[in-house]
Amino acid sequence: TLRGEHNLIEAKLHVAYAETYQLTAREPDRAGEELGKAAGCLKLATKDKLPDKATLRKIAEVERAVQALMANTAASDEAARSRYEAVKMQLSDLIQEL
């Protein structure tokens, strides 16, 4: 279970970096890179032995949310901020469940 948890923690870290690049530094390209890394970590988390079907569904949901963030790294409005908060909360919940 630790490896899956590690991948989720890593994904959350990359999401937080992306948020900083996008909303604070206004560097959409770097935000996109970090979101790509987060997506990679989520993929790895699904390959671990740990996930049951419910967990896999939740990881897939977070993956879709990360993809949505990647599609709009130029936004720096309140909606973008709340999307980042939502993704970080989902990841926190997943990490807690493991």
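Check the entry above for the structure.
Visitor: Explain the packing of helix α3 (residues 53–70) against helix α4 (residues 78–97) to me, using residue names and the numbers behind them.
Guide: A pair of packed helices is captured by two measures, namely the crossing angle of their axes and the spacing between those axes. Between α3 and α4, the shortest axis-to-axis distance is 10 Å and the interhelical angle comes to 160°. The pairing of α3 with α4 is recorded here as roughly antiparallel in orientation. Crossing geometry of α3 relative to α4 is assigned as left-handed. The segment α3 lies against α4, with T55, K58, I59, E61, V62, A65, V66 and L69 engaging R83, Y84, V87, Q90, L91, L94 and E97.

Visitor: Would you mind going over the packing of helix α2 (residues 28–47) against α3 in detail, with residue names and values included?
Guide: Running from amino to carboxyl end, α2 crosses α3 at an angle of 165°, the nearest separation of the two axes being 10 Å. By the criterion of interaxial angle, the relationship of α2 to α3 is roughly antiparallel. Note that α2 runs across α3; the crossing there is left-handed. Every residue of α3 that contacts α2 at G32, L35, G36, A39, L42, K43, A45 and T46 is listed here: L56, I59, V62, E63, V66, Q67, L69 and M70.

Visitor: Report on the side chain of E34, specifying residues and quantitative values.
Guide: When you line up the elements, E34 lands in helix α2. For E34, the contacting residues outside a window of four places in its chain are H14, Y17, A18 and Y21.

Visitor: How would you explain α3 if you had to name every residue and give the values?
Guide: The end-to-end C-alpha distance of α3 is 25 Å, a good match for the 26 Å that 18 residues give at a rise of 1.5 Å each. Regarding α3, the residues found buried are T55, I59, V62, E63, V66 and L69. Along the axis of α3, the buried residues cluster in a sector spanning 115°; they form a single face. α3 presents K53, R57 and R64 as exposed residues on the side facing more than 90 degrees away from its buried surface.

Visitor: Outline the nonpolar core, supporting the account with residue identities and numerical values.
Guide: Side chains of nonpolar character tend, in soluble globular proteins, to be buried together. With 24 residues, the main nonpolar core has L8, L42, V66, Y84 and L91 as its most contacted residues. Sorting the residues of this core by element identifies α1 (2–24), α2, α3 and α4 as the ones contributing at least two each. Here this core gets 7 residues from one element, more than from any other, and that element is α2.

Visitor: Can you explain the pattern of salt bridges? Please cite residues and give values.
Guide: Evaluated as defined, the whole model comprises 7 salt bridges. Across the pair E34 and K37 runs a salt bridge whose closest N-O atoms are separated by 3.6 Å. Remark: K37 and E34 occur in helix α2; sequence separation between them is 3 residues, near one turn of the helix. By relative accessible area, which is 42% here, K37 ends up partly exposed. In this structure, K88 engages E85 in a salt bridge whose closest nitrogen and oxygen atoms are separated by 3.1 Å. With K88 and E85 both in helix α4 and 3 residues apart, the pair spans about one turn of that helix. Several salt bridges converge on common partners, so that one network encompasses E19, E85 and K88.

How each quantity is defined
Residues numbered from 1 in each chain as written. Predicted model: local features only at pLDDT ≥ 70, side-chain atom pairs only at ≥ 80, totals over all residues. Heavy atoms only, no water. Axes fitted to C-alpha atoms, helices over the stretch in contact; angles between N-to-C directions. Helix = DSSP H or I, 4+ residues; strand = E, 2+ residues; numbered from the N terminus. Parallel < 35°, antiparallel > 145°, perpendicular 65-115°, else oblique. Left-handed = near helix turned anticlockwise from the far one by under 90°. Contact = heavy atoms within 4.5 Å. Expected span 1.5 Å × (residues − 1). Buried < 20%, exposed > 50% of the residue type's maximum accessible area, 1.4 Å probe, protein only. Arc of directions from axis to C-beta. Core = buried A, V, L, I, M, F, W, Y, C linked by side-chain atoms within 4.5 Å. Salt bridge = Lys/Arg side-chain N within 4 Å of Asp/Glu carboxyl O.

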